[in-house]
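Here are the chains, one letter per residue:
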Amino acid sequence: MANLKQLTEREERLTGGHRLCAGCGASIIVRQILLATDYPVVVSCATGCLEVSTTIYPYTAWKNPFIHNAFENSAATISGAEAMFKAHKNTGEIPQDKKVKFIAFGGDGGTYDIGIQSLSGALERGHDFMYVCYNNEAYMNTGIQRSSATPRGAATTTSPAGKVVPGKKQYPKDLTEVIAGHHLPYICQVSPGYYMDLIKKTEKAMEIEGPKFMNAFSPCPRGWRHASNASIDVAKLAVDCCFWPIYEIENDQYALTGQSKLIASGKKEKLPVADYLKSQGRFKHLFAPGNEEILKGIQGEVDRRWEKLMKLSGY
Amino acid sequence: MSQEKTWKEIPWGGLILDAGNAQEYHTGDWRTERPVHIMDNCKHCMYCWICCPDTAIIVKDKKMVGVDFDFCKGCGICENVCPFDAIKMVIEGEEGD
Amino acid sequence: MIDMAKPMALTGNFAAAYATKQINPHVVAAYPITPQTTMMEKFSEYYANGEVDTELVCVESEHSAMSTCVGASAAGGRVITSTAANGLALMFEIVYIAASNRLPIVMCVMNRALSAPINIHGDHSDSMGCRDSGWIQFYNENAQEVYDTMFMATRIGEHKDVRLPVMVNLDGFITSHKIEKVNTLEDEEVQKFIGAYEPVYPLLDFENPVTYGPLDLTDYYFEHKRQQVEAMKKALPVIKKVSSEFSNLSGRDYGILEAYHLDDADCAIVTMSSTAGTTKFVVDKMRSEGKKVGMLKIRLFRPFPAEDIIAALSGIKNVAVLDRSESFGAFGGPLYNEIRNAMYDVDEKPNIVDYIFGLGGRDINAVQIEGVFNRLMSASGKMPGDVNYLGVRGD
């Protein structure tokens, strides 16, 4: 695995000059992924913060080939590009040994919700690509509306912290587990806070043929109401509380990695989820009197899912 | 900012042919704080570089040599992740490095 | 070459499939919907038997079918797909995106009624719903025309002055499932006619990386759309030229419309697709009775060949337009609106009336068409434009 210093010699494929917010998790994730591999990469991106902010006509921050099609079809779009690449090998127009990597990006809105159909289809068909969801837990680009990835209790513009309904009513969908049902060669959860883990997983994924899925935790200073300099801290804290475990599933074999592995084996402390919730303004109302049950529920659900994951990983 | 062109002067289909030309758009104008690099403390661990959302940490020959102020938005992540106090955020316009 | 034509008994769908096989596109995206299914089923056989180099992508929805086509075409190669009715409606947003990104995708649409109620039979509501999308649109009368148009569509869409996707329409069940004699070309002739694909700004070019589909603010969107307008304008002469070349190859000269006995006609029916065949039969019968009737078949609907239509209909007294789709709340069907608009500035313009017919596959027969001609023939003086419903019970 390349170390950071070696990676600094690689070309930066996401340039400065994009208009994502200061401190945006998405651009950190994209940079880390594109630096982790030096294969030529074709990128497709769903409509959302990443796409809109990096390609405001006439500017593009992408130095690699890039296509934005629509909101729900990043996976279907990359399927077409990948199929075209394969077809060119069928005809001999491209040599058999040429390697190109296909990466589809989508936010949680474009992946968990509206994009889930085309994602599932592309994965089932077995295209050789990786889908990366940068999960900022709401429809951020259109103004912080709730998605199925939004955590329980989080205040969004369509699940505001009101007098009667204090934030989102439901627990977040566990998309990684849904994807596990596709029995892919490689599935993982990552956090840019634990960047060496993210980079290692990207390198690994790039050497695996077939459909791969990466769910990346993407802090959003604007939507989550935290300081712009706290994105990496928040990205670490989510893992430390087991709210967002980092793990991989390789041909149905679960394995916790990095910090999550250390927590499961007792070498690092599992932090209470309240520490994580306190770090962001979107959960502030949960600490007001009367919402104790919600806090309990959140911890309970985190524990429940963590127990299940530990069991699957052999703990 | 580029001057607005006619429909005859731009590639069709909305295609952007100049890859990476976002670099002509200096988001550094957004800053209210700027990072000051303290070279004496810097161990060149590259943590600031790998966590910068704006590709604004300049690395030459595996050494962190400075900040690209054309793009640095002053988010402060670099100061936050640096384990060696080699970056300090100051109010833009107050202190130079 | 004309002597070497191989006649085959093919349905419209099989003709489209066979043409696709001979084109040997890089990528085909397939999602089933009646009455398209047998085209892709046949193509799948070719694929499974190793007769094509195509990557066949069996997608999970029509929306993904067009999305996959956009990704593939942008990557740089020949892409073909096919759908009908609600499938076309589902991919509606991507249909616009394909045209806006200037991708020369070829799509067969086996024209079928849009729901509700669900109806699997032929009318033009689906493709008419996409008439603003920026696709070139052909309406094909029979299996032979479908087969031939696939090759012309490939050339037209890929032409450097055009770079637009092309919709190859055929009537659902009526043409798609009817077995006809189709004179086919040899594989080599087809390949020579369509030529090698020349990629333009492909995603797979890493020396010149390109960004497709950026965000346009109010400062550039209008300019990009104006470019599409220009492409449509340039498409018309390209279409005529390609048709002429195809005529040299095959002996079949399609052009963009068919003026059937219009030169000295007093009355004419304007129609598209399979109904043109029935109408020609009626024209022949009535001409044998000395009645001066004629037919204008519109083969190319987008770009709308206004000048050619004006030339064809000038001098005709009474015209009836047959629309196989309704635009609810509009003053007449889509074809009526466009024809009447084109004729507005003509000094001696014909009286033009509209007949909506055939919705949901409702049959139209020679007797009904003759009835329309009879009305036109017996009308004297001014006929105000009116909208009639031919073949519905209760009117």
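Right above here is the structure, for reference.
Attention in this report is confined to the structure presented alongside it. (Residues numbered from 1 in each chain as written. Chains lettered and ligands numbered in written order. Predicted model: local features only at pLDDT ≥ 70, side-chain atom pairs only at ≥ 80, totals over all residues. Heavy atoms only, no water.)

**Concerning the overall build of chain B**
From N to C terminus, chain B includes two helices and four strands. For chain B, the sequential pattern of α-helices and β-strands runs β-α-β-β-α-β. Here the C-alpha radius of gyration of chain B, 17 Å, is well above what a compact globule of 97 residues would show, namely 13 Å. Expressed along its principal axes, the backbone C-alpha trace of chain B runs to roughly 55 × 30 × 20 Å. Each of the 97 residues in chain B was classed as buried or not, and the buried ones make up 49%. Partitioning the contacts of chain B with sequence separation of at least 6, the portion at a separation of at least 24 is 64%. Of the side chains in chain B, 10 bear a positive and 17 a negative charge, and the two mean positions are spaced by 6 Å. (Helix = DSSP H or I, 4+ residues; strand = E, 2+ residues; numbered from the N terminus. Rg over C-alpha atoms; globule rule 2.2 N^0.38 Å. Buried < 20%, exposed > 50% of the residue type's maximum accessible area, 1.4 Å probe, protein only. Contact = heavy atoms within 4.5 Å. Lys, Arg positive; Asp, Glu negative; His and termini not counted. Charge placed at Lys NZ, Arg CZ, Asp CG, Glu CD.)

**Re the pairing of strand β15 (residues 351-357) of chain C**
Residues and elements named next belong to chain C. Counting buried residues along β15, seven of its seven residues qualify, which places the element largely inside the surrounding structure. The side-chain alternation of β15 yields two buried faces, one formed by Asn351, Val353, Tyr355 and Phe357 and the other by Ile352, Asp354 and Ile356. With helix α12 (residues 334-343) bridging strand β14 (residues 318-323) and its parallel neighbour β15, the resulting β-α-β unit is right-handed. As defined by bridge partners, β15 adjoins strand β16 (residues 387-390) across four bridges and the pair is classed as parallel. The residue of β16 that forms the bridge with Tyr355 is Asn388. In this fold, the crossover linking β15 to β16 by way of helix α13 (residues 366-378) has left-handed handedness. (Right-handed = clockwise from strand over helix to strand, strands pointing away. Pairing = 2+ DSSP bridges.)

**Considerations on the sheet that holds strand β2 (residues 27-30) of chain C**
Residue and element names in this part refer to chain C. Taken in spatial order, the seven strands make up an open sheet running β3-β2-β4-β5-β7-β6-β13, and their pairing is mixed. Of all the strands in the sheet, just β3 (55-58) and β13 (300-302) have a single pairing partner and so form its edges. Taken over all neighbouring pairs, the strand axes of this sheet differ in orientation by 20 degrees on average, direction set aside. Across two bridges, the pairing between strand β6 (residues 136-140) and β13 is antiparallel. Residue Phe138 lies in a different strand from β13, and its bridge partner there is Leu300. (Axes fitted to C-alpha atoms, helices over the stretch in contact; angles between N-to-C directions.)

**Brief notes about the interface of chain C and chain A**
Contacts between chain C and chain A engage 41 residues on the former and 45 residues on the latter. Carbon and sulfur atoms supply 65% of the area buried between chain C and chain A, which totals about 3,100 Å² over both sides. The three residues of chain C that bury the most area against chain A are Leu204(C), Phe206(C) and Leu215(C), which together make up 19% of that side's buried surface. Our enumeration of links across chain C and chain A arrives at one salt bridge. Of the charged contacts, one joins Glu60(C) and Arg125(A) as a salt bridge, the two residues approaching to 2.8 Å between their closest N and O atoms. For the pair chain C and chain A, the interface holds 17 residue pairs in polar contact (both at pLDDT 80 or more). Put simply, the parts of the chain that give the side of chain C that touches chain A at least two residues each are β3, α3 (62-76), α5 (92-100) and β9 (211-212) of chain C. It is α3(C) that provides the largest number of residues to the side of chain C that touches chain A, a total of ten residues. (Buried area = accessible area lost by both parts, 1.4 Å probe. Salt bridge = Lys/Arg side-chain N within 4 Å of Asp/Glu carboxyl O. Polar contact = N/O pair within 3.5 Å; in protein donor to acceptor, adjacent residues only side chain to side chain.)

**Brief notes about α3(C)**
All names here are of chain C. End to end, α3 covers 21 Å across 15 residues, agreeing with the expected 21 Å (1.5 Å per residue, within 8%). The buried count for α3 comes to 15 of 15 residues, which makes it a mostly enclosed element. The opening residue of α3 is Ser61, an N-cap whose side-chain oxygen sits 3.2 Å from the backbone nitrogen of His63. (Expected span 1.5 Å × (residues − 1).)

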